[in-house]
Amino acid sequence: MELNNGQKDNMNRSAETQSLESRHLIPTYKRIPVILERGEGAFVYDVEGKEYLDLISGIGVVSLGHAHPGLTKAIKEQTQTLLHCSNLFYHPLQGKLAEKLAIFSGLPRAFFCNSGTEAIEACLKFARRYWHSQDPSRTGFVALEHSFHGRTMGSLSVTWEEHYRTPFAPLIPDVSWVSPNDPEALQNAVTETTAGIVLEPIQGEGGVRPLTANFAAAVQEACKKTGALLITDEVQSGLGRTGQPFYFSKLGLDPQLVALGKALGGGIPIGATLASEEVAQAVEFGDHGTTYGGNLLACRAALFFLEELMEHGLLSQIEQQGAYLARRLNTLANKHTSIIEVRGSGLIWGIELRNDATPVVEGALRHGMLINRTDGTVVRLLPPLTITEAEIDQGLEILDMVLTELDTGVSA
Ligand SMILES: *Cc1c(COP(=O)(O)O)cnc(C)c1O
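## Observations concerning the nonpolar core
Okay, so step 1: Ranked by internal contacts, the top residues of the largest apolar core, which has 97 residues, are Leu 101, Leu 239 and Ile 371.
Okay, so step 2: The dominant element in this core, judged by the number of residues it contributes, is helix 12 (residues 296–311), at 11 residues.
Okay, so step 3: Split by domain, the residues of this core number at least three in each of domain 1 (5–61 + 314–408) and domain 2 (71–311).
Okay, so step 4: Not counting the four nearest positions on each side in its chain, Leu 239 is found in contact with Leu 101, Phe 104, Pro 245, Phe 246, Leu 260, Gly 261, Ala 263, Leu 264, Phe 305, Leu 306, Leu 309 and Leu 385.
Okay, so step 5: Judged by nonpolar contacts, the second largest core, of 25 residues, contains Phe 126, Ala 127, Val 158 and Ala 275.

## Observations regarding the layout of surface pockets
Okay, so step 1: What the second largest pocket holds in volume is close to 1,100 Å³.
Okay, so step 2: Taken together, 26 residues form the lining of the second largest pocket, with Gln 94, Arg 109, Ala 110, Phe 111 and Phe 285 sitting closest to its centre.
Okay, so step 3: Of all the secondary-structure elements, those providing two or more residues to the lining of the second largest pocket are helix 4 (94–105), strand 4 (109–113), strand 12 (271–275) and helix 11 (277–282).
Okay, so step 4: In terms of residue class, the lining of the second largest pocket is made up of 12 nonpolar, 11 polar and three charged.

## Comments concerning the packing of aromatic side chains
Okay, so step 1: Scanning the entire structure with this criterion turns up six aromatic pairs.
Okay, so step 2: For the ring pair Phe 111 and Phe 126, a centre distance of 5.8 Å and an interplane angle of 90° mean the geometry is edge-to-face. One end of the pair, Phe 111, is in strand 4; the other, Phe 126, is in helix 5 (residues 116–134), and 15 residues separate them in sequence. Of the two residues, Phe 111 and Phe 126, both sit in the buried class.
Okay, so step 3: When the ring centre of Trp 131 is taken as origin, the NZ or CZ atom of Arg 138, which lies over that ring, is 4.1 Å away.

Parameters at a glance
Residues numbered from 1 in each chain as written. Predicted model: local features only at pLDDT ≥ 70, side-chain atom pairs only at ≥ 80, totals over all residues. Heavy atoms only, no water. Core = buried A, V, L, I, M, F, W, Y, C linked by side-chain atoms within 4.5 Å. Buried < 20%, exposed > 50% of the residue type's maximum accessible area, 1.4 Å probe, protein only. Helix = DSSP H or I, 4+ residues; strand = E, 2+ residues; numbered from the N terminus. Domains from an automatic or database assignment. Contact = heavy atoms within 4.5 Å. 1 Å grid on protein atoms, 1.4 Å probe; cavity = no way out; pocket = protein on both sides within 12 Å on 5 of 7 lines; lining within 4 Å. Points joined across faces, edges and corners; volume = space filled by probe spheres on them. Nonpolar A, V, L, I, M, F, W, Y, C, P; charged D, E, K, R; others polar. Phe/Tyr/Trp six-rings, centres within 6.5 Å; stacked < 30°, edge-to-face > 60°. Lys NZ or Arg CZ within 6 Å of the ring centre and 35° of its normal.

Just geometry here; none of it tells us what the structure is for.
As structure tokens, then:
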């Protein structure tokens, strides 16, 4: 097939992009060879103009879909007003955002940062700070096998996968690991020297695995018995993603610290640590801080997102679309023996396969759909929270087609 000049230009741009990165980026990412440059709603477009249905939404970040007109307008207005003033001064938006999060979560206090891992760092530091005044011997953390809490040194210390941690040892000491299937082990691991228990109510990177009610009850009991603080990492599962405001409440958990990120800014980087009054009172001026954290641009984006979620019906829409997606996924699982199980809630789902999920991800890409693999054999779906029934249909048809091709050994 002859390429026209436009196609040749695009190929040159792709080659140039890849070659520049290969020469000048520190090679932390093994990228899929697609160069995305534009998006609209649940769709993104690569430099060659190919359309993709985006069911991963920048790993759960692009919560309102791409180029959302309202979010775009809010961000644009803010860029023309004031972007940043540092935390040396007050500005009108941090308090408003903290108030909304307090109403939404039941935790009255917030600290703003720029990412999920920073939100976890602040949780760990605030837990340590709390015990520093009360009982400085309480420095330990209990974390779960298959957890993921981020890549900075503190978060990494409570992240399970050896291959993430080992090259960076030594990390923070006194972390004990417990299997999320073992309530008794949890009870034994949490002692009078435990500062906090860190957990994801749904383990995201670990393969989309919701904790059981049984395990959650053991966590609450251990906290009650020992006074250990409960830190829930809702960076991926929080803010409506599961059809609930936060999955901790669904599990009956009562955390003193909650980490947020991903969906909060709809694509503008922002993280937040929410805290109980008691923990917040232990923190003094100068104990923690960040230059960018909670700047006007990030707060404006987060305020817009929370208004959509809480005041303009998005949360109930997620519940509805989530129930529809669950039905369609269960039908898919019944049809394909290559699927072992589908797990999730709302608009976070894992499809566990008998084999490595890579061919499914690659097949979907060829058919114009973005999904990703986690924990080896799990296909993860994290669509924009604004996804429609028709878009879900389209996505499930592609998945069905890809699985059929793989079952029969035919590939398009
Ligand atoms: C993504 C994620 C993080 C880390 O967030 P970053 O913004 O990448 O630092 C932490 N915890 C969970 C549960 C996550 O899914």
